[in-house]
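Residue-level structural notes
Given next are the chains, with one letter for each unit.
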Amino acid sequence: MQVSKEEILHIARLADLNIKEDEIDKYILNLQDILNFANIVNKASVEGLEETIGTNDSYNVFRKDEIQLFEDNKSLLQNAPEQERNMFKIPKVL
C-alpha cells in the first residue's frame, strides 16, 4: 500500500497541520516507513505464545499506613536543620 499526496493532505487537515508543498514528499516517505514497519509487526508469528496483559506479575506493594514509635528520636533529629517540640520543623507549604 502506497501513501498518496492526497492522503497526506487529508491527514494534515484532520490534524490541523500546515504542511508546505515542499514537505509533502518527506511526510509521504515517513508515513510509508511507519506503515511498512506496522505490516512487518502484523505479519510476525505469534504461534505458541500465550496472551499477556503485562510484562511481569506486579501487584500492589504498598504497606498499610500505621503509626509506629521510633525509639531513638534524638539520633533521627540530629540531622534536622531545625526542630521544634521533638519534631522536624519545616517551612509552611501552601
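Residues numbered from 1 in each chain as written. Predicted model: local features only at pLDDT ≥ 70, side-chain atom pairs only at ≥ 80, totals over all residues. Heavy atoms only, no water.

Things to note about the nonpolar core
Ranked by size, the top nonpolar core spans six residues in total: Val 3, Ile 8, Ala 12, Ile 19, Ile 24 and Ile 28. Taken together, the elements giving at least two residues each to this core come down to α1 (5-14) and α2 (24-42). The contact partners of Ile 19, leaving out residues within four places of it in the chain, are Ile 8, Ala 12, Ile 24 and Tyr 27. (Core = buried A, V, L, I, M, F, W, Y, C linked by side-chain atoms within 4.5 Å. Buried < 20%, exposed > 50% of the residue type's maximum accessible area, 1.4 Å probe, protein only. Helix = DSSP H or I, 4+ residues; strand = E, 2+ residues; numbered from the N terminus. Contact = heavy atoms within 4.5 Å.)

Side note on unusual backbone geometry
Phi at Arg 85 is positive, roughly 50 degrees, even though this residue is not glycine. Mapping Arg 85 onto the fold places it in the loop between β1 (83-84) and β2 (87-88). Using a relative accessible area of 68% as the deciding quantity, one classes Arg 85 as exposed. If you check the backbone angles, Asn 86 has positive phi at about 65 degrees while not being a glycine. Within the secondary structure layout, Asn 86 lies in the loop between β1 and β2.

Describing α2
Between its first and last C-alpha atoms α2 spans 27 Å; for 19 residues at 1.5 Å apiece the expected length is 27 Å, and the two agree. Ile 24, Ile 28 and Gln 32 are the residues of α2 that are buried. Angular distribution of buried residues about the axis of α2 spans 70 degrees; they occupy a single face of the element. In α2, the exposed positions angled more than 90 degrees off the buried face are occupied by Leu 29, Asp 33, Ile 34, Phe 37 and Ile 40. Residues of α2 that are buried in the fold lie against α1. (Expected span 1.5 Å × (residues − 1). Arc of directions from axis to C-beta.)

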